[in-house]
Structures are given as C-alpha cells and as structure tokens.
Amino acid sequence: MRGPLVFTALAVGTAAVLLNGWAADTGESIVVQGVPGKVPGCATCHGPRGEGGGDGLYPRLAGLPAAYIESQLKAFRDGGRASPLMSPMITGLSDADITAVATYLERQRPPFPAAPKAEQSQLIHGQSLVTLGRWDKGVPSCTSCHGAALQGVGPAIPSLGGQSSQYLSAQLQAYQNGQRAPGPLELMGRIARGMSGQDIEDVALYIASLRPSSRPEIPRPATPEPYTPKPQSPDAFVPPPESALPAGPYGDLLRLGQSIFEDTPKHAGQYAGNTLSCRNCHLDRGRDALSSPMWAAYVHYPEYRKKDGLVNTLQMRIQGCFRYSQNGTVPPGDSQELTALVTYFYWMASGLPVGVKPKAAGYPKLDPPKSTPSPERGAKVFASTCALCHGDNGLGRSGGGQQVFP
C-alpha cells in the first residue's frame, strides 16, 4: 500500500475501515459499494448488512449459510438460475469475490423486521405446516429440511428466519406456478404444488413472525380435540390426528415418546450412539404408510425374526434399533424411554385390529433389478440423488451446529 491511509467509517451498523477507498473486508466492500465500473453494491437492494429491502420484496441475505449464498450467486452468474435482475449484476464477480461476499453475509446478524399482522388462526395453521407438514399432500414439515430452527443447510437449503412474509409467499407461489425453477431434485416445486393459497400465506406469516433464536414448536391445543377410536380396515388405516393427543400423565408420556422419536439423541441420548433419530427412517412421526409406520408395527408383534432366530416383542424390536441402527446401547425393558415409545405407538394404532398384519407393515417390496447391482452405478446415483442432503461422502449435513440430515 502506498500513499496516505484514509480511514472512513461506513454507516452500516458495524463500521468498515477503508484503506485507500477499499474496505479491509473484501466481502463488505463489494456488498456496500460493489466493484467500481463492474458490479453495483448488493446493499442497493439487500441492505448494507444483507437485512433485505424493498418493503420485504428483496430477501434477507444476512445469516444465510455461506455455502448456500455461494451456490446461488454462481448459479445466477453462470446461468444455472435465471434472473433478469440478478444475472447481469454479478457477471463481473470472480469466485474469490463471491466467497468473500458469502462469508461476510453469513456473519451478519441485523435485527429482524417487525412481525407482520396476522390472525391467530393463521399463525396456528402456519405453525402446524412448518413443524408437522401435510404428508398426505406430499408436503413435509419445513423443519425437516431447513433445520429445527429453520437455520438452513449449505449448499442448497437456505435459512428462512428473518425473511418477510411477502418474499416467502412470492417464492412459494413462483415455485408453484413454475416461474421459479423447482430446485434441486425438484423438491420445492413438488412441495409448493401440494400447498393451497391459504397454506402459502399462513406459512409465510408464521415464519415471518418468528424472532431471532426462536425455534418452531409443534402446536399444542389448549384442550385436546375430541376423538373416539373406531375400528378401521388394516389396509386403509388413518391414525388419530395430532390435535387429539390427550392431556394428563398419559398424554405427557405420549409426547415424550413422540419427542424421542423426532430427536432421539436429545431425548434418549444415553442410549443413542450416533445422530440418527427414529424419524429418519419412519417419516411423518411414524405415521407415513410407505415408510414402515409405527401403528402397523404395534399390532403385528410379537413376531419371529430370522435375523436373531427369536420371537421378538415390540420392546425387543425397538431395542434392536438402538443397538444396530443407532449404534448405541439397549434401553432396559422397563425404562421410561422404551415405555414412552411403546405407548406412543399404541396410541397411533387406536382402532387398528390386532393380529392382522397391515399392508403397510415394513417397507414396500421392490421388483428385482433387471441388471446386476453395481457399486459404480450406485456411486453415480448417490452423487446425483442422495449427496444433496447426506453429503458427498455420506456423513450427513449440519446447520447452525445441529445435525439435520443423517
């Protein structure tokens, strides 16, 4: 550096020090003032700290995973994601510039915008979709991919906290009507098409109402919904609704079983040996008929298993999951954790005949492959289909210090 040093404070919340007109942090310099003659500053639309702008029309970039910001900026620049507004603006950014911008924006924590006005019924509906989803419509919970705190997971899944309801609803509508590409594995396109206009509005309002560090929780009605179990066909069974979870000590044990099912390392950590939870294999809190639902398991045990040459009770089968799938230790048969799980499965099976093995028991049988299985072809399938969530080497992905994908 030659000549005098000029120190100028920028009014961007945390002042940047400029050396001969350039910020000490390259990413901050590009965000605030761009690259003179080549790239305008990101702050024009997104704010100097990535807080968003345009009365909610321009997204908040602050706090997004750096890997996600990098992947999206490169997609805009290189044509992988079309945008008549963004693409021309960033053609002059190098890979190093993009990395600097992404690193700077990930560190930023400006205040969230004011929570939008919404009816309580809308927030409750949005909360249910965010935390539970509507699996019968092909809509998983937002937290299952974006993380328990909606913190995002790089390189493909953004954080949602702090976004305006206008931006969130606009993007879901764009996914729904095809104006925005459906995203990796076409996930967001399929999910948005399973949502109604009211679903989209309420999800956007609920997420925009969340405050920093808040974690969406499954809604608990003040009083349980009245529910009387009735006999159902084992091949067309529908478990009781979430809203019918009872109150009192019995309901408390059911909720503990559900909590263990959803986050096993957190609620049964003394027996878990890895980051897997029951929900990673049995979708929709053990309710989904195509992923070995727990209501079907409850009514067809005890059962003889070739694996260990024994007649297994349901308790023994759950213990086997802790031992093998979770690489952990076996909870005692009378432990609170095991009792809670069995009680939760029993409640989900309300109205299902005992002793008749439902069609949904276990996993669907696949037709034999037409060609000999090949690890080489498998590697290509994994790279194109699985690695997005589970990582290039299968070690899973984390966001905000929490394991999201196993």
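What you see is a predicted model, and the numbers here were worked out from it, not measured in a lab.

Observations concerning the overall build of the chain
Along the chain, the regular secondary structure elements total 17 helices and six strands. Seen along its three principal axes, the alpha-carbon backbone of the chain occupies a region of about 85 × 55 × 40 Å. Considering only residue pairs separated by 6 or more positions, the chain has 59% of its internal contacts joining residues 24 or more positions apart. Just so you have it, the chain exposes about 21,200 Å², and 57% of that area is on carbon and sulfur atoms.

Quick look at the pairing of strand β6 (residues 402-405)
Where strand β5 (residues 397-399) and β6 come together, three bridges link them in antiparallel fashion. Among the inter-strand pairings, S398 is bridged to a residue of β6, identified as Q403. Here β5 folds back onto β6, and the loop between the two strands holds two residues, one of which, G400, carries a positive phi near 60°.

Some details on the environment of G394
Relative to the helices and strands, G394 is located in the loop between α17 (375-390) and β5. G394 sits in the partly exposed class, given a relative accessible area of 37%.

Side note on the environment of L61
Positionally, L61 belongs in the loop between α2 (43-46) and α3 (66-78). Each C-alpha atom, one on L61 and one on Q163, is 8.7 Å from the other, the two residues being 102 residues apart in sequence. In this structure, L61 is in contact with H46, G50, I69 and L105, ignoring residues within four places of it in sequence.

A few points about the packing of aromatic side chains
How two aromatic rings sit relative to each other is given by the distance of their centres and the angle of their planes. Counted under the stated rule, the structure contains six aromatic pairs. Each ring, one from F261 and one from Y344, has its centre 6.1 Å from the other, and the planes form 65°; the classification is edge-to-face. Within this pair, whereas F261 is found in helix α11 (residues 248-262), its partner Y344 is found in helix α16 (residues 336-348), the two being separated by 83 residues in sequence. An identical accessibility class is assigned to F261 and Y344; each is buried. Judged by centre distance (5.6 Å) and plane angle (65°), the rings of Y298 and Y346 are edge-to-face.

Description of the confidence of the model for the chain
Considering every residue of the chain, the mean pLDDT works out to 89; 94% of them sit at 70 or more. No element of the chain has a lower mean pLDDT than strand β1 (residues 18-19), which averages 42, and none a higher one than α16, which averages 98. Per-residue pLDDT stays below 50 along residues 1-23; that stretch engages in 40 contacts with residues further than four places along the chain or on separate chains.

Quick notes on the packing of helix α6 (residues 120-131) against helix α10 (residues 197-209)
Between α6 and α10, the least distance of the axes is 7 Å, while the angle of their chain directions is 90°. It follows from the interaxial angle that α6 and α10 lie roughly perpendicular. Residue-level contacts link Q122, L123, H125, G126, Q127, L129 and V130 of α6 to Q198, D199, E201, D202, V203, L205, Y206, I207 and S209 of α10. Class assignment for the residues of the contact of α6 with α10 results in seven nonpolar, six polar and three charged.

Each value, and the rule that gives it
- Residues numbered from 1 in each chain as written.
- Predicted model: local features only at pLDDT ≥ 70, side-chain atom pairs only at ≥ 80, totals over all residues.
- Heavy atoms only, no water.
- Helix = DSSP H or I, 4+ residues; strand = E, 2+ residues; numbered from the N terminus.
- Contact = heavy atoms within 4.5 Å.
- Areas by Shrake-Rupley, 256 points an atom, 1.4 Å probe, with all protein chains shown as cover.
- Pairing = 2+ DSSP bridges.
- Buried < 20%, exposed > 50% of the residue type's maximum accessible area, 1.4 Å probe, protein only.
- Phe/Tyr/Trp six-rings, centres within 6.5 Å; stacked < 30°, edge-to-face > 60°.
- pLDDT = per-residue confidence, 0-100.
- Axes fitted to C-alpha atoms, helices over the stretch in contact; angles between N-to-C directions.
- Parallel < 35°, antiparallel > 145°, perpendicular 65-115°, else oblique.
- Nonpolar A, V, L, I, M, F, W, Y, C, P; charged D, E, K, R; others polar.

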